[in-house]
Amino acid sequence: PAIHYGTTYFKKESSLQRLTHIVSLLWVMKKVMYYTYDAGAISNKAMLRNIFHWECSDSCACLPPIVNKEEFAVTMHQSYKSSDMQTWHVGWKFHHQTWLDLHLDWYFIFWTDDQNELLAKCIGYHDIFNQRSSIQKADLSRLMYLHKYGGFYADMDYIAVQNHASIFQSRD
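What you see is a predicted model; the values in this text were computed from it and never measured.

Participant: An account of the overall build of the chain is requested, with residue identities and associated values reported.
Facilitator: In terms of helices and strands, the chain carries six helices and six strands. In the chain, the succession of helices and strands from N to C terminus is β-α-α-β-β-α-β-α-α-α-β-β. Burial status across the chain gives 35% buried among its 172 residues. Excluding contacts between residues fewer than 6 apart, the proportion of contacts in the chain whose partners are at least 24 apart in sequence is 77%. For the chain, the accessible area works out to roughly 10800 Å², and carbon and sulfur atoms hold 55% of it.

Here's what the structure looks like:
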């Protein structure tokens, strides 16, 4: 599972529930302290499966390709207004890296606000997209990722503590 924590996570909980969440969070922090983030150490293979810095964002040809299941098991999406990690909230580099580390056979696409607008334009939702507030655009974008590419979406403040492949295994 993924664990979400933020300023609103602990509201309206009893002291015991709050304590349980704090203990769970400490366990996660201990478990994931072994991860390190070194942007300079990303291998070529990892770069093939991780669309983070886009070559362009001004035409539909710039959109990432749809990959087949033999190449990558699942397409994973994350987004924020900027791919500049210096603008991210504290901890997000680490959170993002946990998904990469635990899902080695997944294809990752990171989306920015500009790329969300391009996606809306390319799949025919540009008019609807432009009529929305910023938060509604972010919500609509998540649906557009899954509509066009399928896969999995996780917010930037989620930490992967285990592999999620079982979610996508077919049930007989």
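On we go from here.
Participant: Tell me about the nonpolar core, residues and numbers included.
Facilitator: If you look at the biggest cluster of nonpolar residues, it comprises 18 residues, and the most contacted ones within it are W54, L63, I109, W111 and L119. Among the secondary structure elements, those contributing two or more residues to this core are strand 4 (106-111), helix 4 (113-122) and helix 6 (134-149). Ranked by residues supplied to this core, first place goes to helix 6 with four residues. Not counting residues up to four positions away in its chain, the partners in contact with W54 are C62, L63, P64, I109, F110, W111, Q115 and L118. Core analysis: the next-biggest nonpolar cluster, separate from the first, contains nine residues, M76, W99, W106 and F108 among them.

Participant: Before we move on, could you go through the pairing of strand 4 and cite the residues and values that matter?
Facilitator: Most of strand 4 is tucked away, with six of its six residues classed as buried. As paired elements, strand 2 (residues 50-51) and strand 4 share two bridges and run parallel to each other. Directly across from N50, in strand 4, lies its bridge partner F108. As judged from the six bridges shared by strand 3 (residues 74-79) and strand 4, these two strands associate in the parallel manner. Bridge assignment links V74 to a residue of strand 4, and that residue is W106. Crossover strand 3 to strand 4 through helix 3 (residues 92-102) is right-handed.

Participant: Please provide a residue-by-residue account of the packing of aromatic side chains, values included.
Facilitator: Between two aromatic rings, the relevant description is the distance of the centres plus the angle of the planes. The final tally for this structure, using the stated rule, is 13 aromatic pairs. Considering the side-chain rings of W99 and F152, the 5.5 Å spacing of their centres and the 45° angle between planes classify their relative orientation as tilted. Placement of W99 in helix 3 and of F152 in strand 5 (residues 152-153) is noted, with a sequence separation of 53 residues between them. F152 matches W99 in its accessibility class, with the two residues each being buried. Its guanidinium or amino end placed over the ring of Y149, K148 lies 5.7 Å from that ring's centre, counting from NZ or CZ.

Participant: I'd like a rundown of the pairing of strand 3, residues and numbers included.
Facilitator: A large share of strand 3 lies buried, amounting to six of its six residues. Side chains of strand 3 alternate between two faces, with V74, M76 and Q78 and T75, H77 and S79 buried alike. Here strand 3 pairs with strand 5 via two bridges, running parallel. In the strand pairing of strand 5, H77 is matched with Y153.

Participant: If you had to explain helix 4 to someone new, which residues and values would you point to?
Facilitator: Those residues of helix 4 that fall on the buried side of the exposure criterion are Q115, N116, L118, L119 and A120. Those residues of helix 4 hidden inside the fold are in contact with strand 4, helix 5 (126-130) and helix 6. Once helix 4 ends, the next one or two residues include G124, with phi positive near 90°.

The rules behind these values
Position numbers for residues count from 1 along each chain, tracking the sequence in the order it is written. Since the coordinates come from a predicted model, pLDDT governs what is reported: local features require at least 70, and pairs of side-chain atoms require 80 or more to be given and counted, while whole-chain, interface and lining totals use all residues. To obtain the side-chain values, all non-hydrogen atoms of the structure were used and water was disregarded. A helix here means a DSSP run of H or I that spans at least four residues, while a strand means a run of E at least two residues long, and both kinds are numbered starting from the N terminus. Exposed residues in this analysis have more than 50% of their type's maximum accessible area, buried residues have under 20%, and partly exposed residues fall in between, with area computed by a 1.4 Å probe over protein chains only. Should any heavy atoms of two residues lie within 4.5 Å, those residues are counted as being in contact. Computed with the Shrake-Rupley method and a 1.4 Å probe, the accessible areas treat only the protein chains shown as cover for residues. What we call a nonpolar core is a set of buried Ala, Val, Leu, Ile, Met, Phe, Trp, Tyr and Cys residues that are connected through their side-chain atoms within 4.5 Å. Here the rule is simple: two strands pair whenever DSSP picks up at least two bridges between them. Orient the strands so they point away from the viewer, and a crossover whose first-strand-to-second-strand path over the helix runs clockwise is right-handed. When the centres of two rings from Phe, Tyr and Trp lie within 6.5 Å, Trp using its six-membered ring, the rings pair. Their planes under 30 degrees apart give stacked, over 60 give edge-to-face, and anything left gives tilted. To sit over a ring, a charge needs its Lys NZ or Arg CZ within 6 Å of the ring centre and within 35 degrees of the ring normal.

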